[in-house]
Amino acid sequence: MRIILLGAPGSGKGTQAKLLSSRYKIPQVATGDLLRETLDSGSKLGQRAKEAMDTGRLVSDDIVLEIIRERLARPDAQDGFILDGFPRNISQAKSLEKMLAKIEQPLDTALLLEADPDALIQRLAGRLTCPTCGRVYNIYTKPPRIEGHCDRDGTELTPRSDDNETTIANRLRVFESHTRPVAEFYESREKLIKIDAEGEINEVAKRLRAALRPYVSRKTIKK
Ligand code: AMP
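Please read all numbers here as calculations on a predicted model, not as lab measurements.

Engineer: Quick rundown of the overall build of the protein? Include the residues and the values.
Structural biologist: Within the protein, the secondary structure is distributed over eight helices and seven strands. Scaling as 2.2 N^0.38, a compact globule of 223 residues should have a C-alpha radius of gyration of about 17 Å, and the protein matches this with 17 Å. Principal-axis analysis of the C-alpha atoms gives the protein an extent of 45 × 40 × 35 Å. In the protein, which comprises 223 residues, the proportion classed as buried is 44%. Taking all contacts inside the protein whose residues are at least 6 apart in sequence as the whole, residues at least 24 apart take part in 68%. Just so you have it, the protein exposes about 12200 Å², and 50% of that area is on carbon and sulfur atoms.

Engineer: Help me get a handle on the site of the ligand, residues and values and all.
Structural biologist: Contacts to the ligand come from 17 residues, most closely from Thr31, Arg36, Arg57, Gly85 and Gln92. Thr31 places a side-chain nitrogen or oxygen 2.8 Å from a nitrogen atom of the ligand. With respect to the ligand, the side chain of Arg88 contributes an N or O atom lying 3.1 Å from an oxygen atom. Listing elements by their share of the shell around the ligand, those giving two or more residues are helix H2 (31-40) and helix H3 (44-55). The residue inventory of the shell around the ligand, partitioned by class, reads seven nonpolar, four polar and six charged.

Engineer: So what's going on with the pattern of salt bridges? Which residues, and what values?
Structural biologist: Any two side chains of opposite charge can pair if their charged atoms end up close together. On inspection of all chains with the given rule, the structure shows 15 salt bridges. For Arg36, the salt bridge is made with Asp33, and the minimal N-O distance between the two is 2.8 Å. In this pair, Arg36 and Asp33 both sit in helix H2, three residues apart, roughly one turn of the helix. Note that Arg48 and Asp62 form a salt bridge whose closest N and O atoms lie 3.0 Å from each other. Of this pair, Arg48 sits in helix H3 while Asp62 sits in helix H4 (residues 61-72), placing them 14 residues apart in sequence. Residue classification places Asp62 among the partly exposed positions, given a relative accessible area of 45%. Through salt bridges with shared partners, a single network forms among Arg127, Arg160, Asp162, Asp163 and Arg171.

Calculation criteria
- Residues numbered from 1 in each chain as written.
- Predicted model: local features only at pLDDT ≥ 70, side-chain atom pairs only at ≥ 80, totals over all residues.
- Heavy atoms only, no water.
- Helix = DSSP H or I, 4+ residues; strand = E, 2+ residues; numbered from the N terminus.
- Rg over C-alpha atoms; globule rule 2.2 N^0.38 Å.
- Buried < 20%, exposed > 50% of the residue type's maximum accessible area, 1.4 Å probe, protein only.
- Contact = heavy atoms within 4.5 Å.
- Areas by Shrake-Rupley, 256 points an atom, 1.4 Å probe, with all protein chains shown as cover.
- Near = heavy atom within 4 Å.
- Polar contact = N/O pair within 3.5 Å; in protein donor to acceptor, adjacent residues only side chain to side chain.
- Nonpolar A, V, L, I, M, F, W, Y, C, P; charged D, E, K, R; others polar.
- Salt bridge = Lys/Arg side-chain N within 4 Å of Asp/Glu carboxyl O.

Below you can see the structure in the form of structure tokens.
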């Protein structure tokens with residue numbers, strides 16, 4: 001199964017992509033995570049991406065495409081993948097289309113997670129992440145059992161550096177101007193499914209699984 005999860009920052013793409021990844025045993029390919037890893041490695045590519053990421057703007061297409069190309073070529077992506085945070089603009093969507101046509105692995109569908117802007121801001125402003133295991137919490141909607149510490153490994157939770165007020169506003173603007181047209185691009189190709197992303201994580205997950213049912217082959221369902 002080859003799918004894209006689209007949605008504004010805070011729509012729950014990352015959380016849902018992780019759940020789908022473990023259910024269908026296909027990797028979550030999140031350009032934001034891959035870029036943060038590149039940045040942490042101190043490489044030149046990471047340095048070039050840093051300024052855009054710090055201010056909530058899009059990293060240039062050449063960097064993102066290089067990262068995606070390399071990631072999709074790895075063995076674990078050969079039976080499918082969940083793209084999370086990519087494509088973020090029309091030019092990336094067209095590049096992806098070409099890339100997948102070349103390897104004769106067309107996309108199954110794109111899913112757009114829709115939520116009210118106030119809910120998005122609350123989710124982003126309250127988000128905390130575990131630097132050790134990557135688990136995501138929210139002080140309003142999904143607090144850890146012990147305040148400020150990961151339920152799984154006890155590590156002190158930290159906010160993402162781009163979850164501050166100015167950057168959040170920029171990221172929401174960038175979504176509307178650059179990424180909303182990507183949803184329209186897939187809609188025009190009859191490859192878009194809209195999903196209500198409000199409510200409990202498990203409810204949203206159920207809606208996604210129902211929408212994906214036609215694309216699931218027997219071997220992708222977790223035993
Ligand atoms: P995310 O973790 O998806 O919220 O992404 C964090 C930041 O990484 C974004 O605000 C962008 O600066 C950058 N980024 C992630 N994915 C892309 C992409 N597909 N194209 C350009 N920039 C991206």
